[in-house]
Amino acid sequence: MAKKDIDWGNIGFEYRVTDKRYVCNYKDGKWEEGGLTTDPMVVMSECAGVLQYSQSCFEGLKAYTTKDGDIVCFRPDLNAERMYDTAKRLEMPPFPKDKFIEAVHEVVKANADFVPPYGSGATLYIRPYMFASSPVIGVKPADEYQFRIIVMPVGPYYKGGLKPNVVKISDFDRAAPHGTGHIKAGLNYAMSLYAGVKAHEEGFAENFYLDPATRTKIEEAGGANIIFVTKDNKLVVPKSPSILPSITRRSIVYVAEHYLNMQVEEREVFLKEVPDFVECGMCGTAAVISPVGKINDHGKEICFASGMETAGPVITKLYETLTGIQMGSIEAPEGWIHKID
């Protein structure tokens, strides 16, 4: 197929209707066959469980065009695993992991002409999601569910690219102790919207959330995990049972250790020690890595040595190495790249 006539270098990170999407229904205790459809509309009961009690979850991954012209996905097996775990925590029927990967393959292949060309800076964003579709009025899990995958070409999540951002320490909690912070449930993101809007109104790119129990430790940003770099070039990654296990963060840790020969510490990170770090970044599927130049803690500014003009040298190297792996210019670890034939 011929590529769509799209200004690839100037598209935003926003919804765009593509040709095909994948749909599969859970009914009578089992998942049906599932398949592609051209219909972008969802029809369900006014009393559907997702509308009453927010039984929903989602994933996010990307497809890329490599320098050799191949279309590939990055570590879809980990998205399948995380969605499986999320569904179990929400009392939803887990979507089979092998079927998840097959569905991703199928829908990307069907929309191949929407995959941006190599070097454009754009990617094909893939959004698998699942929701309770049957009527529920008593507080209990629904009986029927729908799993869907939509795809769309997108530009960078943060328009500044690797230009450092200013963030703030939030007064709100992202997740409750022993709650659902470690899963990719839609309800987690609904909770963060108010705090996110307020941060943007105040001129900040994002919120940094503290641990909900003691409010002394850094956890994660509203839509991304956080990484720090020490003066002696160690990578420090906050660790907490209520942090979402980011696939990008896991990949960055591997890249740091095995490609850049860095020492990595995955541990609790206290707010009071943040001024000692020289670089900071937010990482996730949408942005890969977005550098942070400054944190505003209730009027007190924590400024990183890397500054506000460009990303620090370690953040830059991590970004270039990981995106090089994704785009095919750097050899990937075994199993990381899923080729769409």
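Residues numbered from 1 in each chain as written. Predicted model: local features only at pLDDT ≥ 70, side-chain atom pairs only at ≥ 80, totals over all residues. Heavy atoms only, no water.

**Section: helix α4 (residues 186–201)**
The test is simple: By the criteria applied, helices consist of DSSP H or I runs no shorter than four residues and strands consist of E runs no shorter than two, each listed in order from the N terminus. Here the expected length of a helix is defined as 1.5 Å per residue gap, with one fewer gap than residues. One fitted axis covers the seven residues ending at a residue, a second covers the seven starting there, and the bend at that residue is the angle between these axes. To sort residues, take the accessible area from a 1.4 Å probe on protein chains only and compare it with the maximum for the residue type: under 20% means buried, over 50% means exposed, and anything in between is partly exposed. Any two residues having at least one pair of non-hydrogen atoms within 4.5 Å are treated as being in contact.
Between the first and last C-alpha of α4 there are 23 Å, a value that for 16 residues agrees with the 22 Å anticipated at 1.5 Å per step. At Leu193, α4 shows its largest kink, close to 35°. Taken together, the buried positions of α4 are occupied by Asn188, Ser192, Ala195, Gly196 and Ala199. In the core, the buried residues of α4 are packed alongside β9 (165–169) and β10 (206–210).

**A closer look at the nonpolar core**
Basically, it comes down to this: Here, nonpolar core refers to any group of buried Ala, Val, Leu, Ile, Met, Phe, Trp, Tyr and Cys residues whose side-chain atoms link them within 4.5 Å.
Among the nonpolar cores identified, the biggest contains 40 residues, and Val108, Ile126, Met130, Phe147 and Ile149 are the most heavily contacted of them. Apart from the residues within four sequence positions on either side, Ile149 is in contact with Arg21, Tyr22, Ala103, Val104, Val107, Ile126, Arg127 and Pro128. Formed by 24 residues, the second largest nonpolar core is a distinct cluster that contains Tyr64, Val237, Ala311 and Leu318.

**With respect to the packing of helix α5 (residues 247–258) against helix α6 (residues 313–327)**
Spelled out, the test is: Here, axes are lines fitted to C-alpha atoms. For helices the fit covers the stretch in contact, and angles between N-to-C directions go from 0 to 180 degrees. Throughout this description, any angle smaller than 35 degrees is read as roughly parallel, any larger than 145 degrees as roughly antiparallel, any in the 65 to 115 degree range as roughly perpendicular, and the remainder as oblique. Gly falls in the polar group here, along with every residue not listed as nonpolar (Ala, Val, Leu, Ile, Met, Phe, Trp, Tyr, Cys, Pro) or charged (Asp, Glu, Lys, Arg).
Remark: α5 packs on α6, axes separated minimally by 10 Å, with the N-to-C direction vectors making an angle of 105°. For the element pair α5 / α6, the angle class is roughly perpendicular. On the side of α5, the interface is formed by Thr248, Ser251, Ile252, Val255 and Ala256, while α6 contributes Leu318, Thr321, Leu322 and Ile325. When the residues that make up the contact of α5 with α6 are grouped by side-chain class, the tally is six nonpolar, three polar and no charged.

**A short note on the packing of aromatic side chains**
Two aromatic rings, taken as a pair, are described by how far apart their centres are and by the angle between their planes. Rules: In this scheme Phe, Tyr and Trp rings, the latter by its six-membered ring, pair at centre separations within 6.5 Å, and the angle between planes marks the pair as stacked below 30 degrees, edge-to-face above 60, and tilted otherwise.
Scanning the model with the defined rule gives 13 aromatic pairs in all. Ring plane angle 85° and centroid distance 5.6 Å describe the contact between Phe74 and Trp336, whose orientation is recorded as edge-to-face. Of this pair, Phe74 sits in strand β6 (residues 71–74) while Trp336 sits in the loop between α6 and β18 (337–339), and the two are 262 residues apart along the sequence. We note that Phe74, like Trp336, is buried. Judged by centre distance (6.1 Å) and plane angle (25°), the rings of Tyr129 and Phe131 are stacked. On the basis of relative accessible area, Tyr129 is assigned to the partly exposed category, the value being 21%.

**Overview of the pairing of strand β5 (residues 61–65)**
Selection rule: The pairing criterion for strands is at least two bridges between them, as found by DSSP.
β5 sits mainly inside the fold: five of its five residues count as buried. Bridge count between β5 and strand β7 (residues 123–132): three bridges; the pairing is antiparallel. When the sheet's bridge partners are listed, Ala63 is paired in β7 with Leu124. Bridge count for β5 against β6 is three bridges, and the pairing is antiparallel. Bridge assignment links Thr65 to a residue of β6, and that residue is Ile71. Connecting β5 to the antiparallel partner β6 that follows it, the hairpin turn spans five residues, and Gly69 within it adopts a positive phi of roughly 90°.

**Focus on the pairing of strand β14 (residues 264–267)**
Operational definition: Crossovers are described as right-handed under a simple rule: with the strands pointing away from the observer, the path leading from the first strand over the helix to the second runs clockwise.
Here four bridges tie strand β13 (residues 235–238) to β14, and the two strands are oriented parallel to one another. Note that in β14 the partner of Val237 across the bridge is Glu266. The parallel pair β13 and β14 is bridged by α5, and the resulting crossover is right-handed.

**Topic: the environment of Val292**
You can see Val292 is positioned in strand β16 (residues 288–297). Overall, Val292 belongs to the buried group, its relative accessible area being 1%. Once the C-alpha coordinates of Val292 and Pro313 are considered, the two residues, 21 residues apart in sequence, prove to be 13 Å apart. Not counting the four nearest positions on each side in its chain, Val292 is found in contact with Pro164, Asn165, Val167, Phe208, Cys280, Gly281, Met282, Phe304 and Ser306.

**Concerning the pattern of salt bridges**
Quick reminder of the rule: The salt bridge definition used is simple: a Lys or Arg side-chain nitrogen within 4 Å of an Asp or Glu carboxyl oxygen.
Inspection of the entire model under this criterion finds 13 salt bridges. Put simply, Lys339 and Asp70 hold a salt bridge, and the shortest N to O gap is 3.6 Å. Taken together, the residues Lys339 in strand β18 and Asp70 in the loop between β5 and β6 connect sequence positions 269 residues apart. The class of Lys339 is partly exposed, set by a relative accessible area of 42%. Residue Asp70 is classed as partly exposed on the basis of its relative accessible area of 26%. Between Glu202 and Lys168 there is a salt bridge; the shortest N-O distance is 2.9 Å. Placement of the pair is Glu202 in the loop between α4 and β10 and Lys168 in strand β9, with a sequence separation of 34 residues. With relative accessibility at 15%, the residue Lys168 sits in the buried group.

**A word on unusual backbone geometry**
Positioned with a positive phi, Glu91 is a non-glycine residue whose angle comes to about 55°. Relative to the helices and strands, Glu91 is located in the loop between α2 (76–89) and α3 (97–110). For Glu91, a relative accessible area of 55% translates into the label exposed. Even without a glycine there, the phi angle at His298 is positive, about 55°. The topology assignment puts His298 in the loop between β16 and β17 (300–303).

**Concerning the side chain of Thr86**
With respect to the secondary-structure elements, Thr86 resides in helix α2. When sequence neighbours within four positions are dropped, the list of residues in contact with Thr86 reads Cys57, Ile183, Lys184 and Ala185.

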